[in-house]
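Coordinates in review
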Amino acid sequence: MKRYFLALLIAVISFSTVSAQSMTDDQVMQFVLKEHSAGTSQAQIVTKLMQKGVDINQIRRIKAKYERQSKNGGLGLVKDETVGKTEDGMRVNNGDTKESLAQKKLNRKNKNKNKKNSKNYREIDENSSHRVGAVRNSNVKNENGMYDDEDNESFDEMNGGVLDLLGDEYLTEDFMMEVDPTYYRGRKVFGRDIFNKEDLTFEPVMNIATPQNYVVGPGDEVKVDIYGASQKSSTYTVSPDGDIVIDGYGPVNLAGLTVKQANARLRSTVGSRFSSSSIKLSLGQTRTIMVNVMGEVQNPGTYSLSAFASVFHALYMAGGVSGIGTLRNIKVFRNGKEVSTVDVYDYILNGKLSGNIRLHDNDVIMVGPYDCIVDIAGKVKRPMYYEMKTGESVQTLLKYAGNFAGDAYTKSVRIIRKNGSRYGVFNVQEFDMASFHVMDGDSVTVDSIIPRYENMVEVKGAVFRPGMYQLGGNITTVRALIENAEGLLEDAFTARAVMHRMNEDRTLKVISVDVKGIIDGNVADIPLKNEDVLFIPSKSERLESRTITIHGEVLYPGVYKYAENETLEDFVLQAGGLKESASTVKVDISRRVSNRTALTRDSLISKTYSFALKDGFVIDGKPGFVLEPYDEVYVRKSPSYSIQQNVSIEGEVNFPGTYALAKQESRLSDLVKAAGGTNRLAYVKGARLERKITPEERTRMEQVLKMAQSQSDGEDTIDVRKLDLGDTYYVGIQLDKAIESPGSDFDLTLRESDRIIVPEYTNTVKVSGNVLYPNTIAYKKGKGARYYVNQAGGWGSRAKKGSTYIVHMNGTVNQMGKGEKPTPGSEVIVPTKPKSENNKLSQWLAIGTSTASIATMVATIANLIK
């Protein structure tokens, strides 16, 4: 059982991320064992502990403490004789703390449990000890000195029970109050958590000037200083009889005297022996006192506290009040008489500590049940439950709740009261709140104000300051409202405005307003009523968003806002002027055709006007042509304008590099000639052309791939969209014949970005594909493809012999046979027979090699079906 608990604590440490501690150490241990006995899994227990806010530091402390206890590390501890003493003579709090109380309680319960189990073991009959089930192994201590029969129920009982953590939907009112007494009916009770805060312990301040009214008693440490003719300083502890023994004089009884009285007694007794010296008594470390905290508190009992402890500190040690405990009428009894009454609300709300007296030995603090708890909800600053004294009023309750919120209805509040057999409703008016007394169980609701206005008019639209205005004073008519809105905008449409007015049944009606007539005094002004809304339209709002558009060879083509009297020349300048490529002899304007009186559809869609420009001005057509809304201007590109188109040539030529095409139909031979011809190392027959894929070609190639994929019965695994076709492909050329016959069909026309590579002579042939040993073989003139296949070990087991083909260095491809033979630098490719009959795209693409790229193969197919 203990191993399980330790393992679970380690799991909690690894998962816990919550910083707020809301469970005591005992509660954590009790909760874990209780949940385990109920069959809850480790993960669920960890989750519930995290939801309860168990701090990781608290878990580590519990783990260390439990390990120490399980190894008897908590038994037989040697008392630290230095506790309560400091080298500098300062006092320390030598009373109980919550941690020490928890440790004492656990040790006491363990001791009682061991005694009980030992007694049960001695009472077992020896003869019955051999019967099956007669003796339980629970009576045998384990290696930690504990009994194996410490089951969950006993452990829970030992630790004061356990709180089963459930979801909110299962929590009853009584259960909630047991789990957290600061709540009542699912909501927080004001002030109940004051004695449950770790940072608010009300621990007494020990190192203060010695109070002259402090009563000295057995266990107090007093310091007697003699100075003057004699110099002596001694520290004494008051004996159980109330005496201190002065060296050279004898016992002096100080018990029951205040510090002031004790000083006087020393002077009157010991002072005669030291007549030429002064004597002073001061208080050192104080004794501890026993205080009884009884009634409705979380942990009633007797507590050992510092002699400086107050009522609040004792209540903190007792865990605060229970679910039915009072905060308003806590009584303190001394020697059978009531000496103080504490109202915690007086401290929380007013900062007063009246009643929070210093405790004496054997004082009794009695916390009774509350008299009255009242709920206040709605528009107050602090809505929650409050404990009220008998006879307190609604006005007092509002004060406790922080008074009304800004949007509260303050004329009255509504109270729902339980009258014994039924509910009753009371509406308490503003002037009756001070005299209407609340009762236990009352529910007070403060409503919000009605979302309506009592003196508001509004103006919208074409005024300088639209918005809501106060009705009354100098704003009572339409004209006054416009004047207070700083007047009309320049584009205001004053011939007709609209005003919305509320009818008595809150429906709207429309009133037409002649704003111009009212402003000029030609029409009677209209009086305003509450919640009138005046809307003044603007001329621009009545019109569509009017634009003009320019396309083509200008610096900034696009859509522009229409302006009156703008000419074609103005618009061209507004668009940044003409580009260098612009045609000045062909500028068109398209204009909409509109006929609002037409009854049938006209075949004419638009009208077109053509112009010629020079230096941005019209020279052919109507000068100063004024544009209209929605006109579109088209500036054409000059047909003779073109930018430089570059091609490159690399390899074995005299002047390799980049060249500009001199004319539209420049050819292979032109580029070789411009590069100074080939050099002696050039293998002209192996020259190849690399061409950039245009957008149109890429689209066509993708269509070819899709068509091939559709013919594979949908079994292909290649996604055409993800297939990288590259940016270029090779074009098969015969440069030697192009040079020999310029302008012939062999002499291909070049286009921009073409790249010609003229290689050196390569006297090898590469063999790849389904052969026994793919290899590169020395070229032998006149030998066919079969020769090179044999040099690579022969055909493979799945070689597709009839489909063997040759890829030449210049990019051309030929099938084996029909007189075609490999050339220097070429590659013989032997395809593989597919495993199935389907011609899948992936199988065809597998044919591609380092020499013949996918893009080249697909481009060839695409060009064939173009």
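One structure accompanies this document, and this report is about it.

The rules behind each value
- Numbering of residues begins from 1 in every chain and follows the order in which that chain's sequence is written.
- For a predicted model such as this one, the threshold for reporting local features is a pLDDT of at least 70, and the threshold for listing and counting side-chain atom pairs is 80 or more; totals across whole chains, interfaces and linings nevertheless cover every residue.
- Note: side-chain values were computed over all heavy atoms of the structure, leaving out hydrogens and water.
- The helix and strand labels rest on DSSP assignments: H or I over at least four residues marks a helix, E over at least two residues marks a strand, and numbering proceeds from the N terminus.
- Burial classes follow relative accessibility: with a 1.4 Å probe on protein chains only, a residue under 20% of its type's maximum area counts as buried, one over 50% as exposed, and anything between as partly exposed.
- Note on contacts: a residue pair qualifies if any of its non-hydrogen atoms lie within 4.5 Å across the two residues.
- By definition, a salt bridge exists where a carboxyl oxygen of Asp or Glu is found within 4 Å of a side-chain nitrogen of Lys or Arg.
- Paired strands, as defined in this entry, are two strands with at least two bridges between them according to DSSP.
- An axis is simply a line fitted to the C-alpha atoms; with a helix, the fit covers only the stretch in contact. Between two such axes, the angle follows the N-to-C directions and lies from 0 to 180 degrees.
- Here the aromatic set is Phe, Tyr and Trp, taking the six-membered ring for Trp, and pairing holds for ring centres within 6.5 Å; pairs whose planes are under 30 degrees apart are stacked, those over 60 apart are edge-to-face, and all others are tilted.
- In protein, a polar contact means a hydrogen-donor-capable atom and an acceptor-capable atom, both N or O and within 3.5 Å, with residues adjacent in sequence counting only if both atoms are side-chain atoms; elsewhere, any N or O pair within 3.5 Å suffices.
- In this analysis, the expected span of each helix is defined as 1.5 Å times one less than the number of residues it contains.
- It is the directions from the helix axis to the C-beta atoms that the arc portrays.
- Remark: nonpolar core denotes a set of buried residues (Ala, Val, Leu, Ile, Met, Phe, Trp, Tyr, Cys) joined through side-chain atoms within 4.5 Å.
- Patch construction takes residues with relative accessible area above 30% that form no salt bridge. Like charges are linked within 9 Å, and nonpolar side chains (Val, Leu, Ile, Met, Phe, Trp, Tyr) are linked within 5 Å.
- Note on areas: these come from Shrake-Rupley sampling with a 1.4 Å probe, and a residue is covered only by the protein chains present in the view.
- Residues scored as positive are Lys and Arg, those scored as negative are Asp and Glu, and His as well as the terminal groups of each chain are ignored.
- One atom stands in for each charge, and that atom is NZ of Lys, CZ of Arg, CG of Asp or CD of Glu.

**Topic: the overall build of the chain**
- In terms of regular secondary structure, the chain is built from 21 helices and 38 strands.
- Within the chain, buried positions represent 40% of all 866 residues.
- Long-range contacts, defined as pairs at least 24 residues apart, comprise 63% of the intrachain contacts of the chain with a sequence gap of at least 6.

**Overview of the pattern of salt bridges**
- Counting across every chain of the model gives 25 salt bridges.
- Between Glu697 and Arg751 there is a salt bridge, and its shortest N-O distance comes to 2.8 Å. In this pair, Glu697 sits in helix H17 (residues 695-710) while Arg751 sits in the loop between helix H18 (735-740) and strand E33 (755-758), placing the two residues 54 residues apart along the sequence.
- Using a relative accessible area of 9% as the deciding quantity, one classes Glu697 as buried.
- Residue Arg751 is classed as partly exposed on the basis of its relative accessible area, which comes to 26%.

**What to know about the environment of Val478**
- Inspection of the secondary structure puts Val478 in helix H12 (residues 478-484).
- When the C-alpha atoms of Val478 and Leu528 are compared, they prove to be 6.5 Å apart, with 50 residues separating the residues in sequence.
- Discounting chain neighbours no more than four positions away, the residues touching Val478 are Met499, Val513, Ile518, Asp525, Ile526, Leu528 and Leu534.

**Some words on the sheet that holds strand E4 (residues 232-237)**
- Strands sit in the order E4-E3-E7 across an open sheet of three strands; the sheet is antiparallel. Strand pairing shows two members of the sheet lacking a second neighbour, E4 and strand E7 (277-283), which therefore form its edges. In this sheet, neighbouring strand axes are inclined to one another by 20 degrees on average, regardless of whether the strands run parallel or antiparallel.
- Sheet topology note: the strand E3 (residues 221-228)/E4 ladder contains six bridges and is antiparallel. Along E4, the bridge assignment pairs Glu221 with Thr237.

**Section: the packing of aromatic side chains**
- Inspection of every chain in the model, using the stated rule, returns 15 aromatic pairs.
- Here Tyr214 and Phe308 contribute two aromatic rings whose centre-to-centre distance is 5.6 Å and whose plane-to-plane angle is 90 degrees, an arrangement assigned as edge-to-face. Within this pair, whereas Tyr214 is found in the loop between strand E2 (187-188) and E3, its partner Phe308 is found in the loop between strand E9 (301-306) and helix H9 (311-317), the two being separated by 94 residues in sequence. Per residue, the accessibility class of Tyr214 equals that of Phe308, and both read buried.
- Summarising the aromatic geometry, the rings of Tyr345 and Tyr400 are spaced 5.4 Å apart at their centres and angled 90 degrees between planes, so their arrangement reads as edge-to-face. Here the residue Tyr345 occupies a position in helix H10 (residues 344-350), and Tyr400 occupies one in helix H11 (residues 394-400), the gap between them amounting to 55 residues. You'll find Tyr345 and Tyr400 in the same group, each marked buried.

**Observations concerning the side chain of Asp442**
- Within the fold, Asp442 resides in the loop between strand E16 (423-429) and strand E17 (443-446).
- Here Asp442 falls in the buried class, since its relative accessible area comes to 1%.
- Of note is the side chain of Asp442, whose polar atom sits 2.8 Å from the backbone nitrogen of Met439.
- Ignoring any residue separated from it by four or fewer positions in sequence, one finds Asp442 in contact with Ile373, Val374, Asp375, Ile415, Ile416 and Arg417.

**Remarks on helix H2 (residues 25-37)**
- Helix length check: H2 (13 residues) gives 19 Å between terminal C-alpha atoms against 18 Å at 1.5 Å per residue, within 8%.
- If you check which residues of H2 are buried, you get Asp25, Asp26, Val28, Met29, Gln30, Phe31, Val32, Leu33 and Glu35.
- After H2 finishes, the residue Gly39 shows a positive phi value of roughly 85 degrees.

**Here we look at unusual backbone geometry**
- Not every positive phi belongs to a glycine, and Glu486 is a case in point at roughly 70 degrees.
- Tracing the backbone shows Glu486 in the loop between H12 and strand E20 (497-502).
- Phi is positive for Ser753, which is not a glycine, with a value near 75 degrees.

**Looking at helix H8 (residues 259-269)**
- Considered for burial, the residues of H8 that qualify are Val259, Ala262, Asn263 and Leu266. All buried residues of H8 project into a common sector of 100 degrees when viewed along the axis, lining one side. Seen from the buried face of H8, the exposed residues on the opposite side, beyond 90 degrees, are Lys260 and Ser268.
- Of the surrounding secondary structure, the elements contacted by the buried residues of H8 are E3, strand E6 (250-253) and E7.

**Regarding the nonpolar core**
- Core analysis: the biggest nonpolar cluster contains 72 residues, and Leu315, Ile365 and Tyr386 have the highest contact counts within it.
- Broken down by element, this core gets its largest block of residues, six residues, from H9.
- Filtering out sequence-adjacent residues up to four positions away, Ile365 remains in contact with Val291, Asn292, Val293, Met294, Val311, Ala314, Leu315, Ile330, Lys331, Val332 and Leu359.

**Re the environment of Arg452**
- In this structure, Arg452 sits in the loop between E17 and strand E18 (456-461).
- A C-alpha to C-alpha distance of 8.6 Å links Arg452 and Glu531, two positions 79 residues apart in sequence.
- Beyond its immediate sequence surroundings of up to four residues, Arg452 is in contact with Arg506 and Glu531.

**Notes on a positive patch on the surface**
- A surface patch of like charges, here positive, comprises Arg786, Lys800, Lys801 and Lys833.
- Tracing the backbone shows Arg786 in helix H19 (residues 785-791).

**Things to note about the pairing of strand E13 (residues 372-378)**
- Burial within E13 is extensive, with five of its seven residues counted as buried.
- Here E13 pairs with strand E14 (residues 384-388) via five bridges, running antiparallel. Note that in E14 the partner of Asp375 across the bridge is Tyr385.
- Between E13 and E14, which pair antiparallel one after the other, the connecting turn spans five residues.
- Pairing of E13 with E17, which is carried by four bridges, proceeds in the parallel orientation.

**What to know about the sheet that holds strand E8 (residues 288-295)**
- The mixed open sheet is built from five strands, whose spatial order is E9-E8-E12-E10-E11. The open sheet has two edge strands with one neighbour each: E9 and strand E11 (337-342). Going across the sheet, the axis of each strand differs from the next one's by a mean of 25 degrees, ignoring polarity.
- Note: E8 against E9, six bridges, orientation antiparallel. Note that in E9 the partner of Ile289 across the bridge is Leu305.

**Remarks on the side chain of Glu566**
- Inspection of the secondary structure assignment puts Glu566 in the loop between strand E24 (558-561) and helix H15 (568-574).
- For the buried Glu566, no salt bridge exists, and the shortest N-O distance to an oppositely charged side chain is 11 Å, to Arg546.
- The residues contacting Glu566, other than those within four sequence positions of it, are Ile548, Lys561, Phe571, Gln574, Phe625, Val626 and Leu627.

**Here's the deal with the environment of Tyr469**
- Inspection of the secondary structure puts Tyr469 in strand E19 (residues 467-470).
- Here Tyr469 falls in the buried class, since its relative accessible area comes to 18%.
- When the C-alpha atoms of Tyr469 and Met456 are compared, they prove to be 5.8 Å apart, with 13 residues separating the residues in sequence.
- The contact partners of Tyr469, leaving out residues within four places of it in the chain, are Asn455, Met456, Val457, Val459, Ile475, Leu481, Asn484 and Ala485.
- From its side chain, Tyr469 meets the backbone oxygen of Arg465 in a polar contact 2.6 Å long.

Function-wise, these values are silent; they only describe arrangement.
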